[in-house]
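Coordinates in review
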Amino acid sequence: MATLLNTIEDAKARDICKAHGDKPDELIEVLHEVQAAHGYLSDAALRTIAQSLNISRAEIHGVVTFYHDFKKEKGAKQTIKICRAEACQAVGANELIAEAETHFKTKMDDKAVAIKLEATYCLGNCALGPAVMIDDQLYGRVDIARLKTISNNHKGED
Ligand code: FES
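Before going into details, it helps to say that this report is about the structure given with it. Since we're looking at a predicted model, the values are computed, not measured.

Focus on the pattern of salt bridges
Counted according to the given criterion, the structure contains 3 salt bridges. Ionic pairing is found between E9 and R14, a salt bridge with its closest N-O pair at 2.3 Å. We classify E9 as partly exposed; its relative accessible area is 39%. Overall, the relative accessible area of 25% leaves R14 in the partly exposed class. Linking K116 and E118 is a salt bridge whose minimum nitrogen-to-oxygen distance equals 3.1 Å. Of the residues examined, K116 reaches a relative accessible area of 14% and is grouped as buried.

A short note on the packing of aromatic side chains
Inspection of the entire model under this criterion finds 2 aromatic pairs. A centroid spacing of 5.0 Å and a plane angle of 85° characterise the contact between F66 and Y67, whose relative ring orientation is edge-to-face. With relative accessibility at 64%, the residue F66 sits in the exposed group. Each ring, one from Y67 and one from F70, has its centre 6.1 Å from the other, and the planes form 85°; the classification is edge-to-face. On the basis of relative accessible area, F70 is assigned to the buried category, the value being 7%. Aromatic ring contacts, followed pair by pair, group F66, Y67 and F70 into a single cluster.

Some points on the environment of H103
One can find H103 in helix α6 (residues 93–104). Spatially, the C-alpha atom of H103 lies 24 Å from that of N125, the residues being 22 residues apart in sequence. Excluding residues that lie within four positions of it along the chain, H103 makes contacts with I144 and K148.

Comments concerning the sheet that holds strand β4 (residues 137–139)
Pairing between the strands of a sheet is mediated by backbone hydrogen bonds and can be parallel or antiparallel. Across the sheet, which stays open at both edges, the 4 strands sit in the order β2-β1-β3-β4 with mixed pairing between neighbours. Both edges of this open sheet fall to β2 (115–120) and β4, since each of them pairs with a single strand only. Each strand axis lies, on average, 25° off the axis of its neighbour in the sheet, ignoring direction. Direction of pairing for strand β1 (residues 78–83) relative to strand β3 (residues 132–134): antiparallel, over a ladder of 3 bridges. Within the sheet, the bridge partner assigned to K81 lies in β3 and is M133. Across the face of the sheet, α6 comes into contact with β1, β2 and β3 while running at roughly 155° to β1.

Side note on the side chain of S151
Note that S151 resides in helix α7 (residues 144–155). You can call S151 buried: its relative accessible area is 1%.

Notes on the pairing of β1
Regular strands place side chains that alternate from one sheet face to the opposite one. For β1, a buried count of 5 out of 6 residues is recorded, marking the element as mostly surrounded by other parts of the structure. Bridging between β1 and β2 involves 6 bridges; their strand directions are parallel. Across the sheet, I80 pairs through a bridge with L117, a residue of β2.

Points about the pairing of β2
Here β2 lies mainly inside the structure; 6 of its 6 residues are buried. Alternating positions in β2 separate into two faces, I115, L117 and A119 on one and K116, E118 and T120 on the other, with burial throughout.

Conventions we followed
Residues numbered from 1 in each chain as written. Predicted model: local features only at pLDDT ≥ 70, side-chain atom pairs only at ≥ 80, totals over all residues. Heavy atoms only, no water. Salt bridge = Lys/Arg side-chain N within 4 Å of Asp/Glu carboxyl O. Buried < 20%, exposed > 50% of the residue type's maximum accessible area, 1.4 Å probe, protein only. Phe/Tyr/Trp six-rings, centres within 6.5 Å; stacked < 30°, edge-to-face > 60°. Helix = DSSP H or I, 4+ residues; strand = E, 2+ residues; numbered from the N terminus. Contact = heavy atoms within 4.5 Å. Pairing = 2+ DSSP bridges. Axes fitted to C-alpha atoms, helices over the stretch in contact; angles between N-to-C directions.

Here it is, written out as structure tokens:
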């Protein structure tokens, strides 16, 4: 029996929709939970959500593309957000970025890497710059030595 690729569904997404009562007005919460479970929103997951919540795929696509936090592809194993707003620049953010690019052998916002460096503009930690965020954890007064340690510690949490 042949199985069409576009009929494959995501069982986890189905369970999450069910836990939300298959209510269309809980789409954002469902998307967040599915992404938390898989790390991104696959086509299969989006099809399953559309079917479960009885929402058009176009509508879901609009929501997913509108919100910056939703990812349609598997991302890096670790994303290091480095603030490059003015207060952090004044205390060495640009130097930290240059050293991080050298150390992690990547460039800011390069997507095809295991460790992604992502520019962000103010993490609300201006008095303790340069500020960095990894896995929703905020760090202040980060230099390259501290960044290496923090990054390694987060790898150990997998
Ligand atoms: S300017 Fe960097 S945390 Fe506010």
